[in-house]
Amino acid sequence: MTLTRINDEEAWMYDGSIRVAIIRRVRIGRPSALLWRSVTGDENPDQRALVGYFPSVQMAAAVTWRSWDQRHKPVERHSLS
């Protein structure tokens with residue numbers, strides 16, 4: 001996993017050459033809170049899915065990576081015999 005800071009407000013997460021997520025700093029609510037919003041890294045913005053909102057970029061990266069890893073790691077198969 002590689003987290004590349006684009007600027008102070010945005011980071012992109014990669015698994016090798018695959019962009020896993022886009023993490024941006026956003027203001028949410030009233031009164032507003034400054035949070036990090038993570039979405040999947042699909043090229044087409046219409047296909048991106050929300051991962052969640054987080055208080056730090058480190059937490060956003062950790063949760064996003066765990067979600068990506070669980071969906072993409074090989075499934076182990078065991079014989080029942």
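Before any of the text, the structure's been laid out above.
Bear in mind that the values here come from a model prediction, so they are computed numbers and not experimental data.

*Asks:* In this structure, what is going on with unusual backbone geometry? I would like to understand it.
*Replies:* In terms of backbone geometry, most residues other than glycine have negative phi values and most peptide bonds are trans. The omega torsion across R30 and P31 is -5 degrees, close enough to zero to call that bond cis. When you line up the elements, P31 lands in the loop between β3 (18-28) and β4 (33-40).

*Asks:* What is the right way to look at the nonpolar core in this model?
*Replies:* Soluble, globular proteins show a tendency: their nonpolar side chains are buried together. Core analysis: the largest hydrophobic core is formed by eleven residues, namely A11, M13, V20, A21, I23, W36, F54, V57, A60, A61 and W68. Of all the secondary structure elements, the ones that give two or more residues to this core are β2 (10-15), β3 and α1 (57-72). With four residues, the single largest contributor to this core is α1. Those residues within four positions of V20 in sequence are excluded, and the remaining contacts are M13, Y14, D15, V39, T40, G41, T64, W65 and W68.

*Asks:* Explain the pairing of strand β1 (residues 2-7) here, please?
*Replies:* The side chains of a regular strand alternate, first on one face of the sheet and then on the other. Bridging between β1 and β2 involves five bridges; their strand directions are antiparallel. Opposite T4, over in β2, you have W12 as the bridge partner. Where β1 hands over to β2, the hairpin turn is made up of two residues, counted between the paired strands.

*Asks:* What should I look at first to understand the environment of I28 in this one?
*Replies:* Within the secondary structure, I28 sits in strand β3. Sequence separation between I28 and Y53 is 25 residues; the distance between their C-alpha atoms is 9.3 Å. Look past the residues within four positions of I28 in its chain and what remains in contact with it is A33, L35 and Y53.

Rules and cut-offs
- Residues numbered from 1 in each chain as written.
- Predicted model: local features only at pLDDT ≥ 70, side-chain atom pairs only at ≥ 80, totals over all residues.
- Heavy atoms only, no water.
- Helix = DSSP H or I, 4+ residues; strand = E, 2+ residues; numbered from the N terminus.
- Core = buried A, V, L, I, M, F, W, Y, C linked by side-chain atoms within 4.5 Å.
- Buried < 20%, exposed > 50% of the residue type's maximum accessible area, 1.4 Å probe, protein only.
- Contact = heavy atoms within 4.5 Å.
- Pairing = 2+ DSSP bridges.

In short, the description is geometric, and any link to function would need to be established separately.
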